[in-house]
Amino acid sequence: MKKNEKVKLIREIEKPIKIFGKQLKITRVVLILVAFLIYFVSLYYETRSNTPLVLGIIPLVLLSFTLILIKNRILYIGKYNIECSNAGDLYITKLKGSCPKCQGELKVVKKLNDQFVICKNNKEHKFYLQEN
Ligand SMILES: [Zn+2]
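So, a few notes on the structure that sits alongside this text. (Residues numbered from 1 in each chain as written. Predicted model: local features only at pLDDT ≥ 70, side-chain atom pairs only at ≥ 80, totals over all residues. Heavy atoms only, no water.)

1. Structural notes on the pairing of strand 9 (residues 114-119)
With five of six residues buried, strand 9 is to be regarded as a mostly interior element. Both strand 8 (residues 106-111) and strand 9 contribute to a ladder of six bridges, which runs antiparallel. Bridging from a neighbouring strand, K111 pairs with D114 of strand 9. Pairing between strand 9 and strand 10 (residues 126-129): two bridges, direction antiparallel. By the bridge assignment for strand 10, V117 is matched with F127. Connecting strand 9 to the next strand, strand 10, in antiparallel fashion are six residues. (Buried < 20%, exposed > 50% of the residue type's maximum accessible area, 1.4 Å probe, protein only. Helix = DSSP H or I, 4+ residues; strand = E, 2+ residues; numbered from the N terminus. Pairing = 2+ DSSP bridges.)

2. Re a nonpolar patch on the surface
Among the surface-exposed residues, V54, I57, V61, F65 and I68 lie close enough to one another that they form a single nonpolar patch of about 430 Å² accessible area. Secondary-structure assignment places I57 in helix 2 (residues 51-72). According to the relative accessible area criterion, I57 is partly exposed, its value standing at 48%. (Patch = residues over 30% accessible without salt bridge, like charges linked within 9 Å, V, L, I, M, F, W, Y side chains within 5 Å. Areas by Shrake-Rupley, 256 points an atom, 1.4 Å probe, with all protein chains shown as cover. Salt bridge = Lys/Arg side-chain N within 4 Å of Asp/Glu carboxyl O.)

Put into structure tokens, the structure is as follows:
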């Protein structure tokens, strides 16, 4: 089974993520998460209770996802993706494409560090994703 072929997917949906009518920037997300993290850590030192540490896992997990997003510019979450533009603006996108072999619907699959596109009709139809 070869998967050396590349396919390009089209953005079917491209929606800017806005909060209170303002475009959400990746730097803002990082700052907010870091602030939450510092808050929970300082709360732990103040109270010596484990609750802030447990709650602190949430911003920590979100922060690691954000760092992956900064590195890869795209994060695949089921059917939809979160994309980060060069300017740091965040978008919700949905990628769509058809299989060059059978015109079947394509979907992005991610396994560890390997990322590829497979055909829904036939799993043997594997391709590499061509970045836009
Ligand atoms: Zn196919």
